[in-house]
Amino acid sequence: QVQLVESGGGLVLTGGSLRLSCAASGRTFSSYRMGWFRQASGKEREFVAAIKWSGGNTYYTDSVKGRFTISRDNAKNTVYLQMNSLKAEDTAVYYCAADGQSRAFYRSASAYDYWGQGTQVTVSS
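Quick notes on the rules
Residues numbered from 1 in each chain as written. Predicted model: local features only at pLDDT ≥ 70, side-chain atom pairs only at ≥ 80, totals over all residues. Heavy atoms only, no water. Phe/Tyr/Trp six-rings, centres within 6.5 Å; stacked < 30°, edge-to-face > 60°. Helix = DSSP H or I, 4+ residues; strand = E, 2+ residues; numbered from the N terminus. Buried < 20%, exposed > 50% of the residue type's maximum accessible area, 1.4 Å probe, protein only. Contact = heavy atoms within 4.5 Å.

> I'd love a proper account of the packing of aromatic side chains, names of residues and values included.
Summed over the entire model, instances satisfying the criterion amount to 8 aromatic pairs. Considering the side-chain rings of Phe37 and Tyr112, the 5.2 Å spacing of their centres and the 80° angle between planes classify their relative orientation as edge-to-face. On the criterion of sequence distance, the pair formed by Phe37 in strand E4 (residues 33-39) and Tyr112 in the loop between strand E9 (92-99) and strand E10 (114-115) is long-range, its members being 75 residues apart. Considered together, Phe37 and Tyr112 belong to a single accessibility category, that of buried residues. Aromatic side chains Tyr95 and Trp115 sit 6.5 Å apart centroid to centroid with 80° between the ring planes, which places their arrangement in the edge-to-face category. Highlighted residues: Tyr95 in strand E9 and Trp115 in strand E10, separated in sequence by 20 residues. Taking the relative accessible area as the measure of exposure, Tyr95 reaches 14% and is therefore buried. For Trp115, a relative accessible area of 27% gives the class partly exposed. What links up through ring pairs into an aromatic cluster is the set Phe37, Phe47, Tyr59, Tyr95, Tyr106, Tyr112 and Trp115.

Following this line, the structure appears as structure tokens:
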């Protein structure tokens with residue numbers, strides 16, 4: 001069992017930066033693939049980024065490549081999403097998720113077993 005708690009969201013101006021954190025409980029955190037998803041108002045939840053248990057492999061949706069960086073600290077049971085050069089279209093509720101099976105379809109929300117409650121990110125001009 002893994003419990004996830006996100007933090008770090010807020011209101012930021014276009015071009016600004018935020019760092020989201022996701023603190024996980026559970027002894028097996030280091031074995032989980034971790035992902036970040038987001039859901040804008042009126043839209044479906046979409047994949048943002050994922051990182052393998054070792055931290056050596058990262059994956060991003062095209063719209064955030066070069067601007068967002070996912071990382072993890074297994075000693076702290078925490079995964080991060082550094083978001084730079086934020087745009088209005090990045091506005092959404094951001095969720096972290098944990099996949100205990102390292103499923104191949106990691107870009108799908110259905111691949112993840114546990115979810116946090118979400119944190120709001122609002123980018124305003």
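> An account of the environment of Leu86 is needed here, citing residue identities and associated values.
Along the polypeptide, Leu86 turns up in the loop between strand E8 (78-83) and E9. Judged by its relative accessible area of 1%, Leu86 is buried. Sequence spacing of Leu86 and Ser21 is 65 residues, and the spatial spacing of their C-alpha atoms is 17 Å. Other than its neighbours up to four places away in sequence, Leu86 contacts Val12, Thr14, Gly15, Gly16, Ser17, Leu18, Arg67, Phe68 and Val123.

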